[in-house]
Amino acid sequence: MEIKKTGLWIGRQAVRMCLMVLLVSILAFGLLAVSPIDPLQTNVGQTALGSMSPEQIAKLKSYWGTDLPPVERYLNWLKDFLYGNMGTSLLYRRPVAEIIGDKVMNSIWLLFTAWLFSGILGFFLGVLAGKKRGGIMDRIVTGYSLFVASTPAFWVAMVLLMVFAVKLHWFPIGFSVPIGMDAGQISIADRIRHALLPVVALSITGISSIALHTREKLIEVMESDYVLFARARGESDWSILRRHGLRNILLPAMTLQFASVSEIIGGSVLVEQVFSYPGLGQAAVTAGLGSDVPLLLGITVVTAVIVAAGNLAANVLYGVIDPRIREGAKR
């Protein structure tokens, strides 16, 4: 019976996330529909469009579907999207799904590595800071986290690029692979070397929220009544931290880590642009600057799906382990 209730609760959470993605797609489509971007001018060019007759322009509008009401255009786009047809990119002249697939493969391990490192380092620093309120490590970690939290990711990326790539020549200045090398000659070491600085930039900016949240939770635990009682019984600080502290802060930290997927993806847009890394973030900037509506819309929705999956994983993880969350959601 409990398994059935848990399954229903997970199903409701999944439906909520699907509705959120649907609302994001509606909002993105609506904003692009009212934007000053002219689909015909973007596709055929201003000069060619000006030399066409009204009959030719009408045929083009019918071909591209721009003569239909916005609601009907959205429903047609949504139907095609669900079947995997996201349209054709105006800049690359290739299917949007194919382009996104290539870019995601370049970005996914970059984002996952930065997400993993930021979570582990943030949790470790948060434990060091929260173990003793007001101590030297608490002041250092708190100051560092507050400084990094107010620092733009692209600024960190530019500093790393100028110091380690331009000045010291330790790493390449950009791209995901060496320039001019055949695909068969590119090794895993080459890809890691090109991705290291972007990963470090994303990890640095993603540490602060995990560290500060872990610090606050651990301070609450270490100043609680049952920890004071444990100290009175003669337990060592390490034993208290291991038996009481880590057990109580691990789950909230993991939940926050899954929910931080959106921050990593948001930071990757400008970080990839700084390092000219051919991932999903750089493709989004290129599509926006080039008025590539199909590609921009496809990237927006796919990114929303990834963020929703991270939030769903966080909610499910917390709800499965702590049944009180599910009971609170029902009320």
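Because the structure is predicted, anything quoted here is derived from the model rather than measured.

1. Things to note about the overall build of the protein
Then comes step 1: The number of helices and strands found in the protein is 15 helices and 0 strands.
Then comes step 2: Evaluated residue by residue, the protein yields a buried proportion of 39% over its 331 residues.
Then comes step 3: The long-range share in the protein, meaning contacts at least 24 apart out of those at least 6 apart in sequence, stands at 72%.

2. Considerations on helix 11 (residues 237–259)
Then comes step 1: End to end, helix 11 covers 31 Å across 23 residues, agreeing with the expected 33 Å (1.5 Å per residue, within 8%).
Then comes step 2: If you look at helix 11, its biggest bend is around 45°, right at glycine 245.
Then comes step 3: What helix 11 keeps buried is the set Ser239, Ile240, Leu241, His244, Gly245, Ile249, Leu251, Pro252, Ala253, Thr255 and Gln257.

3. What about the packing of aromatic side chains?
Then comes step 1: Taken as a whole and judged by the stated rule, the model has 6 aromatic pairs.
Then comes step 2: Between phenylalanine 29 and tyrosine 74, the aromatic rings sit 5.4 Å apart at their centres with planes inclined by 70°, giving edge-to-face as the arrangement. Of this pair, phenylalanine 29 sits in helix 1 (residues 2–34) while tyrosine 74 sits in helix 5 (residues 70–82), and the two are 45 residues apart along the sequence. Each of the two residues, phenylalanine 29 as well as tyrosine 74, counts as buried.
Then comes step 3: Between phenylalanine 112 and tryptophan 115, the ring centres sit 5.9 Å apart and the planes meet at 35°, which makes this aromatic pair tilted. Taken together, the residues phenylalanine 112 and tryptophan 115, both in helix 6 (residues 96–130) and 3 residues apart, mark about one turn of the helix.

4. Focus: the nonpolar core
Then comes step 1: Ranked by internal contacts, the top residues of the largest apolar core, which has 23 residues, are Leu197, Ala201, Val271 and Phe275.
Then comes step 2: Mapped by element, the contributors of at least two residues to this core are helix 6, helix 8 (153–167), helix 9 (188–222) and helix 12 (261–274).
Then comes step 3: Element by element, the count of residues in this core is highest for helix 8, at 6 residues.
Then comes step 4: What valine 271 contacts, discounting residues up to four positions off in sequence, is Ala153, Ala157, Pro198, Ala201 and Leu202.
Then comes step 5: The next biggest cluster of nonpolar side chains, apart from the first, holds 21 residues, and it includes Trp77, Met86, Val96 and Ala287.

5. Observations regarding a nonpolar patch on the surface
Then comes step 1: Taken together, the side chains of Phe147, Phe154, Trp155, Met158, Met162, Val163, Val166, Leu168, Trp170, Ile173 and Leu270 define a hydrophobic patch exposed on the protein surface, amounting to about 1100 Å² of accessible area.
Then comes step 2: The element that contributes the greatest number of residues to the nonpolar patch is helix 8, accounting for 6 residues.
Then comes step 3: Secondary-structure assignment places tryptophan 155 in helix 8.

6. Re unusual backbone geometry
Then comes step 1: Positive phi is not limited to glycine here, since arginine 93 has a value of about 55°.
Then comes step 2: Following the sequence through the fold, arginine 93 ends up in the loop between helix 5 and helix 6.
Then comes step 3: Given a relative accessible area of 52%, arginine 93 falls into the exposed group.
Then comes step 4: Phi at serine 276 takes a positive value of approximately 50°, unusual for a residue other than glycine.

7. As for the layout of surface pockets
Unfilled space is identified by rolling a water-sized probe across the atoms.
Then comes step 1: By volume, the second largest pocket amounts to about 230 Å³.
Then comes step 2: Lining the second largest pocket are Ile108, Leu111, Phe112, Trp115, Phe258, Val261, Ile264, Ile265, Ile306 and Gly310.
Then comes step 3: Only helix 6, helix 12 and helix 14 (293–321) provide two or more residues apiece to the lining of the second largest pocket.
Then comes step 4: Broken down by element, the residue count for the lining of the second largest pocket peaks at 4 residues, all from helix 6.
Then comes step 5: Residue composition of the lining of the second largest pocket, grouped by class: 9 nonpolar, 1 polar and no charged.

8. Focus on the pattern of salt bridges
Then comes step 1: Per the stated rule, a full pass over the model turns up 4 salt bridges.
Then comes step 2: Arginine 94 is the partner of aspartate 102 in a salt bridge, and the nearest nitrogen-oxygen pair spans 2.7 Å.
Then comes step 3: The class for arginine 94 is partly exposed, based on a relative accessible area of 29%.
Then comes step 4: For aspartate 138, the salt bridge is made with arginine 215, and the minimal N-O distance between the two is 2.5 Å. Residue aspartate 138 is located in helix 7 (residues 136–149), and its partner arginine 215 is located in helix 9; the two are separated by 77 residues in the primary sequence. Residue aspartate 138 shares its accessibility class with arginine 215, and that shared class is buried.
Then comes step 5: The network of salt bridges with common partners includes Arg94, Glu98 and Asp102.

9. A closer look at the environment of serine 89
Then comes step 1: Within the secondary structure layout, serine 89 lies in the loop between helix 5 and helix 6.
Then comes step 2: Those residues in contact with serine 89 that lie beyond four places of it in its chain are Arg94, Val96, Ile99, Asp292 and Leu295.

The rules behind these values
Residues numbered from 1 in each chain as written. Predicted model: local features only at pLDDT ≥ 70, side-chain atom pairs only at ≥ 80, totals over all residues. Heavy atoms only, no water. Helix = DSSP H or I, 4+ residues; strand = E, 2+ residues; numbered from the N terminus. Buried < 20%, exposed > 50% of the residue type's maximum accessible area, 1.4 Å probe, protein only. Contact = heavy atoms within 4.5 Å. Expected span 1.5 Å × (residues − 1). Bend = angle between axes of the 7 residues up to and from the residue. Phe/Tyr/Trp six-rings, centres within 6.5 Å; stacked < 30°, edge-to-face > 60°. Core = buried A, V, L, I, M, F, W, Y, C linked by side-chain atoms within 4.5 Å. Patch = residues over 30% accessible without salt bridge, like charges linked within 9 Å, V, L, I, M, F, W, Y side chains within 5 Å. Areas by Shrake-Rupley, 256 points an atom, 1.4 Å probe, with all protein chains shown as cover. Salt bridge = Lys/Arg side-chain N within 4 Å of Asp/Glu carboxyl O. 1 Å grid on protein atoms, 1.4 Å probe; cavity = no way out; pocket = protein on both sides within 12 Å on 5 of 7 lines; lining within 4 Å. Points joined across faces, edges and corners; volume = space filled by probe spheres on them. Nonpolar A, V, L, I, M, F, W, Y, C, P; charged D, E, K, R; others polar.

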